[in-house]
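If you want the building blocks of each chain, they are given just below.
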Amino acid sequence: MRTKSCILVMATLALLLTAGNAAALEKVYGKGVSAADTVLISQVLGDPDAYVDKVVRVEGTAVAVCKHRGCWVELASDKEGETIRIKVQDGVIVFPAEIVGELVMAEGVFTANKLDLETSKKVCAYEAEQAGKDFDPESVTQCVTLYQVTGSGAVVMDKPAEEASEGEA
Amino acid sequence: MKTFRKICLWLHRELGFVAVGLTLVYAISGIVVNHAHHWDTNYERSREVFNIEPVVIGPTEEIVPAVLQRLQLAEPVKSTWRAAQDKLQVFLPDGTVTVTLSTGEVLRERFRVRPLLFDLNFMHLNTGKGPWTGIADAYAGVLIILALTGIFLVRGRKGLAGRGGVLMGLGFLLPLVYIIMERYV
């Protein structure tokens with residue numbers, strides 16, 4: 001009986017030790033990236049209809065991340081002030097707060113959701129709250145089309161701190 | 001029957017010890033995650049506002065060194081981003097600095113991983129996937145064995161035929177009543 005117990009305990013410990021690797025996972029999220037070419041974010045957002053429902057691979061600095069569940073990350077475009085959102089399924093991929101500031105390559109299907117006015121106001125209110133800005137619902141008078149990449153995977157690219165600090169807007 | 005009960009007792013006792021640590025991981029994180037809408041369960045966050053000397057708006061490559069020089073940051077800079085004509089963001093390992101160039105107003109947002117809770121949630125929500133998926137599945141199997149073997153441990157009035165049976169019924173009734181009320185009434 002004692003031997004059996006020892007085997008049981010040792011098997012459990014072996015499993016737990018293997019699990020130690022989970023915390024030190026590579027910086028690959030979900031399925032990673034596999035598409036052949038990277039498309040410029042400005043190119044996608046400049047002509048969104050050409051990319052809707054197509055798989056795109058984009059690259060940019062992560063400038064914001066979902067604070068609640070890590071279910072989206074915003075990548076900075078090559079065009080100043082422009083961003084694209086990579087939305088992933090809740091819980092399937094979780095982007096950590098530490099990803100902000102890193103160079104990220106992400107892949108997924110580019111989608112367009114035309115929202116009704118009520119939902120447009122809610123989305124704008126949420127975005128204002130996330131950005132810590134004041135929001136007036138009456139300022140939204142037109143329906144918003146939400147473009148985003150429904151992400152299947154992402155990879156954090158290596159980038160030395162000194163090089164990064166040189167600026168990349 | 002005696003041998004069967006003996007096996008149940010052995011399994012329940014041995015696996016019970018194994019399950020203690022994992023149960024604590026899932027139970028503590030479970031409570032925490034249930035209340036995730038009240039607070040950030042993974043990070044402590046703080047905001048601080050201060051001012052630096054305003055920066056003349058110009059090309060990004062000229063603005064970045066000027067802002068960094070004024071900020072005098074002790075931490076290494078990960079990257080910077082010109083969020084708008086009047087806004088520069090500086091990304092640091094523990095947060096973000098947002099500078100309004102024309103006014104010199106600086107918003108310093110910091111986050112810090114909550115010790116222990118972050119790791120418990122990481123395991124509970126299986127964020128890392130990989131080997132933990134197997135461990136979590138095995139743990140779920142262990143819980144099933146614990147539940148089933150536990151039924152046969154005690155005989156008589158306090159066992160399945162008596163109080164134990166009533167308590168077990170309660171354990172089935174709670175989720176059953178909840179799901180009927182929530183979904184079908």
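Preceding this section is the structure that the text describes.
Computed from a predicted structure; not experimentally measured.

Our focus in this paragraph is the overall build of chain A. Secondary structure summary: chain A contains four helices and six strands in total. Listing every helix and strand of chain A by position from the N terminus yields α-β-α-β-β-β-β-α-β-α. By residue count, 39% of the 169 residues in chain A fall in the buried class. By sequence separation, contacts in chain A at least 24 residues apart represent 70% of the contacts at least 6 residues apart.

Relative to the elements of secondary structure, Thr-60 of chain B occurs in helix H2 (residues 60–71). Residue Thr-60 of chain B is classed as buried on the basis of its relative accessible area of 9%. Among the polar contacts made by the side chain of Thr-60 of chain B, one reaches the side chain of Glu-80 of chain A at a distance of 3.2 Å. Of the polar contacts made by the side chain of Thr-60 of chain B, one reaches the side chain of Arg-82 of chain B; its length is 3.0 Å.

On to the environment of Tyr-126 of chain A. Here Tyr-126 of chain A is to be found in helix H3 (residues 117–131). Discounting chain neighbours no more than four positions away, the residues touching Tyr-126 of chain A are His-68 and Trp-72 of chain A.

Before going further, it helps to spend a moment on a nonpolar patch on the surface. Residues and elements named next belong to chain B. A contiguous nonpolar surface patch, about 1,300 Å² in accessible area, is contributed by Leu-167, Leu-170, Leu-173, Leu-174, Leu-176, Val-177, Tyr-178, Ile-179, Ile-180, Met-181, Tyr-184 and Val-185. Assignment of secondary structure puts Leu-170 in helix H5 (residues 163–183). Classification of Leu-170 by relative accessible area gives partly exposed; the value is 46%.

Before going further, it helps to spend a moment on the environment of Glu-59 of chain A. Residue and element names in this part refer to chain A. Looking at where Glu-59 falls in the secondary structure, it is placed in strand E2 (residues 55–65). Between the alpha carbons of Glu-59 and Asp-37 there is a distance of 10 Å; along the sequence they are 22 residues apart. For Glu-59, the residues in contact, after removing those within four places along its chain, are Thr-38, Ile-41, Ala-76, Leu-103, Val-104, Met-105 and Met-157.

What follows concerns unusual backbone geometry. At Asp-53 of chain A, a position not held by glycine, the phi torsion is positive, near 70°. Along the polypeptide, Asp-53 of chain A turns up in the loop between helix H2 (41–46) and E2. Here Lys-129 of chain B, not a glycine, exhibits a phi torsion of approximately 50°, which is positive.

A few words now on the nonpolar core. Val-58, Leu-75, Ile-84, Ile-86, Phe-95 and Ile-99 of chain A are the most contacted members of the largest nonpolar core, which has 29 residues in total. Elements that contribute at least two residues to this core include exactly H2, E2, strand E3 (72–76), strand E4 (83–87), strand E5 (103–114) and strand E6 (145–157) of chain A together with strand E2 (79–84) of chain B. Once residues within four sequence positions are removed from consideration, Ile-99 of chain A is found in contact with Tyr-29, Ala-62, Val-65, Val-73, Val-104 and Val-156 of chain A together with Lys-78 of chain B. One finds Val-55, Leu-71, Leu-88 and Val-90 of chain B within the second-largest nonpolar core, a separate group that totals 15 residues.

What follows deals with the state of the cysteines. All names here are of chain A. Here the structure, examined in full by the defined rule, presents zero disulfides over all chains. Looking at Cys-66, it has no disulfide partner, and the nearest cysteine sulfur is the one in Cys-71, 3.6 Å off. A relative accessible area of 6% means that Cys-66 is categorised as buried. A relative accessible area of 9% means that Cys-71 is categorised as buried.

This structure, assessed with the given rule, holds 14 salt bridges over all chains. Across the salt bridge formed by Asp-90 of chain A and Lys-87 of chain A, the nearest N and O atoms sit 3.2 Å from each other. Judged by its relative accessible area of 23%, Lys-87 of chain A falls in the partly exposed class. In this structure, Arg-108 of chain B and Asp-94 of chain B form a salt bridge, with 2.8 Å as the shortest nitrogen-oxygen distance. Here Asp-94 of chain B lies in the loop between strand E3 (87–92) and strand E4 (95–100) and Arg-108 of chain B lies in strand E5 (residues 105–113), a separation of 14 residues in the sequence.

Calculation rules
Residues numbered from 1 in each chain as written. Chains lettered and ligands numbered in written order. Predicted model: local features only at pLDDT ≥ 70, side-chain atom pairs only at ≥ 80, totals over all residues. Heavy atoms only, no water. Helix = DSSP H or I, 4+ residues; strand = E, 2+ residues; numbered from the N terminus. Buried < 20%, exposed > 50% of the residue type's maximum accessible area, 1.4 Å probe, protein only. Contact = heavy atoms within 4.5 Å. Polar contact = N/O pair within 3.5 Å; in protein donor to acceptor, adjacent residues only side chain to side chain. Patch = residues over 30% accessible without salt bridge, like charges linked within 9 Å, V, L, I, M, F, W, Y side chains within 5 Å. Areas by Shrake-Rupley, 256 points an atom, 1.4 Å probe, with all protein chains shown as cover. Salt bridge = Lys/Arg side-chain N within 4 Å of Asp/Glu carboxyl O. Core = buried A, V, L, I, M, F, W, Y, C linked by side-chain atoms within 4.5 Å. Disulfide = S-S within 2.5 Å.

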